[in-house]
Amino acid sequence: MVREGGRLIPGGKTARLFWVGRWGARECGKRFRRRLWVGTRDARVADSASSFLGLPPHLWQALGLTLRLAAITTLLLGLIGLPLAHWLNTTRARVAPALETLVALPLVLPPTVLGFYFLVAFSPQHPPGSWWLAVAGESLAFSFPGLVLASVVYSLPFAVQPFQAALRAVPRELLDAGTALGTRPWRVFLRLHVPLARRGIAGGLTLGFAHTLGEFGGVLMIGGDRKSTRLNSSHG
């Protein structure tokens with residue numbers, strides 16, 4: 001035994017084992033404290049990220065899904081609504097008033113009623129749900145494609161009617177001048193008619209985007225799970 005600093009320390013081979021054990025204990029303590037600090041830091045980062053703006057992670061996921069749905073719906077409203085609005089403004093077909101009334105139905109029907117109709121139509125027992133099941137191999141109800149299709153129909157009048165008003169506001173003389181110069185009708189529509197009506201078209205797209213964000217009843221019917229949808233339909 002060797003005395004050092006008032007303490008008795010083993011000597012010889014025992015001393016080497018003593019110092020090795022002491023060094024190992026110190027290293028284990030350092031690694032434990034380092035891992036504890038890293039774990040605490042990661043937990044703080046995770047907590048700060050999850051509580052960003054006071055919203056938990058599942059609400060951020062719902063917000064991202066809502067924005068994705070609204071963006072895709074707005075894009076489809078532009079691709080479908082603009083040609084439809086132009087056709088309704090220019091056609092003399094007898095079915096035009098009936099089609100215009102059909103497009104405007106979401107303005108007067110309750111969202112839950114439309115959601116129930118879509119739920120029946122999207123089921124595997126009825127077309128187009130049966131067609132989608134045969135092609136994609138999955139049900140159209142309770143799926144994101146079904147939610148997009150229903151949202152397009154819900155928001156269609158909120159986009160088509162502003163589109164019609166904006167396209168009607170363009171002076172007819174300008175369009176006739178383009179046609180008189182030998183330009184094809186579709187080029188007149190894309191190169192002249194749409195740019196001159198861009199403000200009204202932007203308003204229609206904004207209105208469709210906002211309506212998709214605020215829609216709840218139909219989205220709950222189509223996008224909810226089967227249990228919540230049955231509960232909602234029974235109380236609706």
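Chains are numbered independently. Their residues run from 1 in the order of the written sequence. Side-chain atom pairs in this predicted model are given and counted only at pLDDT of 80 or more, local residue features only at pLDDT of at least 70, and totals for whole chains, interfaces and linings cover all residues. To get the side-chain values, all heavy atoms of the structure are used, and hydrogens and water are removed first.

> Lay out the nonpolar core with the relevant residues and their values.
Buried residues of nine kinds, namely Ala, Val, Leu, Ile, Met, Phe, Trp, Tyr and Cys, make up a nonpolar core once their side-chain atoms join them within 4.5 Å. Think of it in three bands: with a 1.4 Å probe and only protein chains considered, a residue is buried below 20% of the maximum accessible area for its type, exposed above 50%, and partly exposed in between. With 35 residues, the main nonpolar core has Phe122, Val160 and Ile222 as its most contacted residues. Each helix is a run of DSSP H or I of at least 4 residues and each strand a run of E of at least 2, with the numbering of both proceeding from the N terminus. Among the secondary structure elements, those contributing two or more residues to this core are helix H2 (57-90), helix H3 (96-103), helix H4 (111-121), helix H6 (144-168), helix H8 (185-196) and helix H10 (217-223). Apart from the residues within four sequence positions on either side, phenylalanine 122 is in contact with Pro128, Gly129, Ser139, Leu140, Ala141, Gly146, Leu149, Ala150 and Ile222. In what follows, residue pairs with any heavy atoms lying within 4.5 Å of each other are defined as contacts.

> An account of the side chain of serine 143 is requested, with residue identities and associated values reported.
Following the sequence through the fold, serine 143 ends up in the loop between helix H5 (129-136) and H6. Pairing of N or O atoms within 3.5 Å defines a polar contact, subject to two protein rules: one partner must be a possible hydrogen donor and the other a possible acceptor, and residues neighboring in sequence count only if both atoms are side-chain atoms. At a separation of 3.4 Å, a polar atom in the side chain of serine 143 contacts the main-chain carbonyl oxygen of serine 139.

> An account of empty space enclosed by the protein is requested, with residue identities and associated values reported.
With a 1 Å grid spanning the protein atoms alone, the term cavity applies to any set of points in which a 1.4 Å probe fits but cannot get out, the term pocket to an open set with protein on both sides within 12 Å along at least five of seven lines, and the term lining residue to any residue with an atom within 4 Å of a point. Grid points are joined across faces, edges and corners, and a volume is the space filled by probe spheres set on the points. All chains considered together, the criterion is met by 1 cavity of 30 Å³ or more. What lines the largest cavity is simply Leu88, Glu100, Val103, Ala104, Pro157, Val160, Gln161 and Gln164. Taken together, the elements giving at least two residues each to the lining of the largest cavity come down to H3 and H6. At 4 residues, the largest contribution of residues to the lining of the largest cavity is made by H6. Think of it as three bins: nonpolar holds Ala, Val, Leu, Ile, Met, Phe, Trp, Tyr, Cys and Pro, charged holds Asp, Glu, Lys and Arg, and polar takes everything else, Gly as well. When its residues are assigned to classes, the lining of the largest cavity shows 5 nonpolar, 2 polar and 1 charged.

> If you had to explain the layout of surface pockets to someone new, which residues and values would you point to?
Reported here for the second largest pocket is a volume of approximately 220 Å³. Taken together, Leu84, Leu99, Leu102, Val103, Leu105, Pro106, Leu114, Val153 and Leu156 make up the lining of the second largest pocket. Elements supplying a minimum of two residues to the lining of the second largest pocket: H3 and H6. A total of 3 residues in the lining of the second largest pocket trace back to one element, the largest contributor, which is H3. Residue composition of the lining of the second largest pocket, grouped by class: 9 nonpolar, no polar and no charged.

> Account for the pattern of salt bridges, with residues named and values stated.
Whenever a carboxyl oxygen of Asp or Glu lies within 4 Å of a side-chain nitrogen of Lys or Arg, that contact is scored as a salt bridge. According to the stated counting rule, one finds 1 salt bridge in the structure shown. In this structure, arginine 172 engages aspartate 176 in a salt bridge whose closest nitrogen and oxygen atoms are separated by 3.3 Å. Of the two residues, arginine 172 and aspartate 176 are both situated in helix H7 (residues 172-180); the distance of 4 residues between them amounts to about one turn of the helix.

> Got a sec to walk through unusual backbone geometry? Specific residues and values, please.
Following proline 127, the chain continues to proline 128 via a peptide bond in cis, the omega torsion being 5°. Within the secondary structure, proline 128 sits in the loop between H4 and H5.

> Any chance you could break down the environment of glycine 178 for me, citing the residues and the numbers?
Within the secondary structure, glycine 178 sits in helix H7. The exposure class of glycine 178 is buried, given its relative accessible area of 11%. Sequence separation between glycine 178 and phenylalanine 189 is 11 residues, and the spatial gap between their C-alpha atoms is 9.6 Å. Those residues in contact with glycine 178 that sit more than four places away from it in its chain are Thr183 and Val188.

> Describe the packing of aromatic side chains, naming the residues involved and giving the relevant values.
Ring geometry is summarised as follows: Phe, Tyr and Trp rings, the Trp one being its six-membered ring, pair when their centres sit within 6.5 Å, and such pairs are stacked at plane angles under 30 degrees, edge-to-face over 60 and tilted between the two. By the definition in use, this model includes 3 aromatic pairs. Between phenylalanine 116 and tyrosine 117 the ring centres are 6.4 Å apart and the planes differ by 55°, which places this aromatic pair in the tilted class. Judged by its relative accessible area of 42%, phenylalanine 116 is partly exposed. With a centroid separation of 5.7 Å and an interplanar angle of 85°, the aromatic rings of phenylalanine 118 and tyrosine 154 are classed as edge-to-face. On the criterion of sequence distance, the pair formed by phenylalanine 118 in helix H4 and tyrosine 154 in helix H6 is long-range, its members being 36 residues apart. With a relative accessible area of 13%, phenylalanine 118 lands in the buried category. Among the aromatic residues, ring-to-ring pairing joins Phe118, Phe122 and Tyr154 into one connected group. Here the guanidinium or amino end of arginine 68 rests over the ring plane of phenylalanine 144, the centre of that ring lying 4.1 Å away. The criterion is that NZ of a Lys, or CZ of an Arg, lies within 6 Å of the ring centre and within 35 degrees of the ring normal, and then a charge sits over that ring.

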